[in-house]
Amino acid sequence: MHVPDGFLDARTLAATAGLAAVGLGLALREVRRNLPPRRVPLIGLAAAFVFAAQMLNFPVAAGTSGHLIGAALAAVLLGPAAAIVAMTAVLLLQALMFADGGITALGANVLNLAVIAPLVAHGVYRGVRSIAGEGQQATLLATGFAAWCSTMAAALSCAAQLAASGVVAWGTALAAMGSVHMLIGLGEAVITMLIVAVVMRARPELITPAVPTMPRTHRRAVAYGAALAISLMVLVAPFASSLPDGLEHVAERFGFASLAAASQPAPLPDYTLVPLAGASPWLATVLAGALGALVAFAVAWFVARVLAAPVHPTARR
Amino acid sequence: MLRDRLLSPYRHGSSAVHRLPAGAKLLAAVGCVFLIVLLPRSAWWTYAAIAVGLIAVSLAARADLRGMLIRLLLLEPFVLGIALLALLKPGGVPLFLSMLTKSTLCLATMILLTATTRFSDLLAVLWRIRVPALLVTTLALMHRYLFVLVEEMERMQRARRSRTFVAGRTSAWRNSAQVAGQLFVRTSERAERVYLAMCARGWKA
């Protein structure tokens, strides 16, 4: 998901760099103020750990294999602020030492993978845990669902940046990145859960300390909050995806579009090739997203149940 | 070894390019990348000039051209993957070609920088231009322990492989996760020792 140089336009580069700088700055301040000095070296070593863990292969099918992204793992193991710093270090080192991920696109990559992904992971992790409660199974369920959500959030934000730069049409970008990362997110969820399960068994105190369990009334409030957030997402997501088309429409009416399209030999209308633009693209997008989230939650629940079994046959340590 | 070559892009040399201050090289490389990115999409002659310039500098540095090419080819699939999305757009072919050229040139620039400049020198530059200390400390520690952890991980995998005979897909996932989980436990223990060692040498957060 690392965006190389040469794909994003100047406006997107500037906007993402600004947002990434703000997110990183807040995280650095939070770490400086609230993290005990004893934990500071762990951020650097954990960044090296994420890099090393990304080198592990997880065979998928027909000779292909996937690997970890690690944002959710970092968020669960280090807490959100330290995770943002560690993931930023990973991306910086990859860009400066291995030319993996662009220099001009560094802001976009940091925003997607080091700010949005850990933050979403942490939010979902906290949210699910505060409802599902304590215990191994609840922790693992929260971890898995958080990993899936963070992967999706990073992918969609990446798609939005590519689309905003005019590289891809909005519908294509969101559909392509979204559908591929629904599957990648499942892999990420299972890998993250497996790793967290190992750490939890060996050194349970290393997992981010439990949130104090909420009284029942608060739990209900959180549940309502989550429902509200989801319904908002459902309502706003299609709006967000139709908004740029609206902008395009405005541009066309005022004649900017002819300027923008002058370099393209065959300016066909965008939406003829958008796969989701059927009878009701909104409904299709919303349904696909909700179904994906549901499947991810079910997978996370199932794996958590298996992993949290009291005595595990293959776990010797 | 391919792996060692991939993990340490820097090749020691004594050319003029190697001896330039790291700050100047970083500035030049980043400037070049920004130039390439901000050039108009059809500036083909400028692209060609930049490519010739990059090749000239690589030759002057007597850089490991084969290693650089391997690195470029390994990174190219990601570029192609995103560029292919542009083909889905009507009239996307010129866009596809120009983005592919831009990205490849930027990759070549950064690969040339990393082949002729030590990462620790780049870190010193980041420190001097006042990148937040916490971030530079994190980067320095990461760079210092990267190879230690990768080797530790490979030892664990080797130990596992020499003891496991059947490797289905499920057990492969479990084994990799076991290695990663254990690696994190060892990493956090190592971090405690590193902290004590840093304190003993007068480090303050």
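Treat the numbers as computed from the prediction; the structure is a model and nothing was measured.

**Here's the deal with the overall build of chain A**
Reasoning step 1: Helices and strands together make up the secondary structure of chain A, namely 10 helices and two strands.
Reasoning step 2: Burial status across chain A gives 47% buried among its 317 residues.
Reasoning step 3: Long-range pairs, those at least 24 residues apart, make up 76% of the contacts in chain A between residues at least 6 apart in sequence.

**Examining the interface of chain B and chain A**
Reasoning step 1: Residue-level contacts link 65 residues of chain B with 68 residues of chain A.
Reasoning step 2: If you list the elements that add at least two residues to the side of chain B that touches chain A, you get α3 (22-38), α5 (65-87), α6 (93-116), α7 (119-128), α8 (133-161) and α9 (169-200) of chain B.
Reasoning step 3: Ranked by the residues each element gives to the side of chain B that touches chain A, the list is headed by α9 of chain B, at 21 residues.
Reasoning step 4: Across the side of chain B that touches chain A, the residue classes tally to 46 nonpolar, 12 polar and seven charged.

**A closer look at the domain arrangement of chain B**
Reasoning step 1: Per the domain assignment, the segments of chain B are domain 1 (2-124) and domain 2 (132-200).
Reasoning step 2: Between the C-alpha centres of domain 1 of chain B and domain 2 of chain B there is a distance of 30 Å.

**Regarding α9 of chain B**
Reasoning step 1: With 32 residues, α9 of chain B should cover 46 Å at 1.5 Å per step; its first-to-last C-alpha distance of 46 Å lies within 8% of that length.
Reasoning step 2: Immediately beyond the C-terminal end of α9 of chain B, within one or two residues, lies glycine 202 of chain B, with a positive phi of roughly 90 degrees.

**Observations regarding the packing of helix α3 (residues 71-78) of chain A against helix α4 (residues 80-98) of chain A**
Residues and elements named next belong to chain A.
Reasoning step 1: Look at α3 against α4: their axes get within 7 Å of each other, and the N-to-C directions meet at 135 degrees. In terms of axis orientation, α3 runs oblique to α4. Relative to α4, α3 is oriented so that their crossing is right-handed. Across the interface between the two elements, Ala71, Ala74, Ala75 and Leu78 from α3 touch Pro80, Ala82, Ala83, Ala86 and Met87 from α4.
Reasoning step 2: For the contact of α3 with α4, the per-class residue count stands at nine nonpolar, no polar and no charged.

**Remarks on the nonpolar core**
Reasoning step 1: Ala46, Ala71, Ala74, Val85, Ala86, Ala121 and Met193 of chain A are the most contacted members of the largest nonpolar core, which has 157 residues in total.
Reasoning step 2: Two domains each provide a minimum of three residues to this core, namely domain 1 (2-124) and domain 2 (132-200) of chain B.
Reasoning step 3: With residues up to four places along the chain from it excluded, the contact list for alanine 74 of chain A reads Ala46, Val50, Ala83, Ala86, Met87 and Pro118 of chain A.

**As for unusual backbone geometry**
Reasoning step 1: Positive phi, normally seen in glycine, also occurs at alanine 99 of chain A, with a value near 55 degrees.
Reasoning step 2: Here alanine 99 of chain A shows up in the loop between α4 and α5 (106-132).
Reasoning step 3: For alanine 99 of chain A, a count of 28 C-beta atoms within 10 Å puts it in the buried group.
Reasoning step 4: Backbone geometry at arginine 62 of chain B places phi at a positive 45 degrees, although glycine is not the residue there.

**Let's talk about the confidence of the model for chain B**
Low pLDDT means the predicted coordinates in that region are not meant to be read closely.
Reasoning step 1: Of the residues in chain B, 95% reach a pLDDT of 70 or more, and the chain-wide mean stands at 87.
Reasoning step 2: As a predicted assembly, this complex carries a pTM of 0.83 together with an ipTM value of 0.90.

**Digging into helix α7 (residues 170-202) of chain A**
Note: α-helices contain 3.6 residues per turn, so residues at a spacing of three or four share the same orientation.
All names here are of chain A.
Reasoning step 1: Across its 33 residues, α7 extends 45 Å between first and last C-alpha, which sits within 8% of the 48 Å expected from 1.5 Å per residue.
Reasoning step 2: The sharpest bend along α7 comes to roughly 30 degrees, located at methionine 182.
Reasoning step 3: Buried residues dominate α7, accounting for 25 of its 33 residues.

**Structural notes on the packing of helix α1 (residues 10-34) of chain A against α4 of chain A**
Residues and elements named next belong to chain A.
Reasoning step 1: For the pair α1 and α4, interaxial distance at closest approach is 8 Å and the crossing angle is 125 degrees. Looking at the two axes, α1 sits oblique to α4. The chirality of how α1 crosses α4 is left-handed. Residues Gly23, Leu24, Ala27, Leu28, Glu30 and Val31 of α1 form the contact with α4, whose participating residues are Ala81, Ala82, Ile84, Val85 and Thr88.
Reasoning step 2: Class assignment for the residues of the contact of α1 with α4 results in eight nonpolar, two polar and one charged.

**Structural notes on the confidence of the model for chain A**
Reasoning step 1: The predicted model of chain A averages 78 in pLDDT, with 73% of residues at 70 or higher.
Reasoning step 2: Segment residues 238-277 of chain A is flagged for pLDDT under 50; beyond a separation of four residues in sequence, or across chains, it makes 40 contacts in the model.

**Some thoughts on the environment of alanine 169 of chain A**
Reasoning step 1: With respect to the element layout, alanine 169 of chain A can be found in the loop between α6 (136-164) and α7.
Reasoning step 2: Remark: the alpha-carbon pair of alanine 169 of chain A and alanine 159 of chain A, spanning 10 residues in sequence, is separated by 9.7 Å.

**What to know about the environment of arginine 305 of chain A**
Reasoning step 1: Within the secondary structure, arginine 305 of chain A is located in helix α10 (residues 281-307).
Reasoning step 2: Here the alpha-carbon distance between arginine 305 of chain A and glutamine 136 of chain A, two residues 169 residues apart in the chain, equals 9.0 Å.

Definitions and limits used
- Residues numbered from 1 in each chain as written.
- Chains lettered and ligands numbered in written order.
- Predicted model: local features only at pLDDT ≥ 70, side-chain atom pairs only at ≥ 80, totals over all residues.
- Helix = DSSP H or I, 4+ residues; strand = E, 2+ residues; numbered from the N terminus.
- Buried ≥ 20, exposed ≤ 12 C-beta atoms within 10 Å, placed from the backbone.
- Contact = placed C-beta atoms within 7 Å.
- Nonpolar A, V, L, I, M, F, W, Y, C, P; charged D, E, K, R; others polar.
- Domains from an automatic or database assignment.
- Expected span 1.5 Å × (residues − 1).
- Axes fitted to C-alpha atoms, helices over the stretch in contact; angles between N-to-C directions.
- Parallel < 35°, antiparallel > 145°, perpendicular 65-115°, else oblique.
- Left-handed = near helix turned anticlockwise from the far one by under 90°.
- Core = buried A, V, L, I, M, F, W, Y, C linked by C-beta atoms within 7 Å.
- pLDDT = per-residue confidence, 0-100.
- Bend = angle between axes of the 7 residues up to and from the residue.

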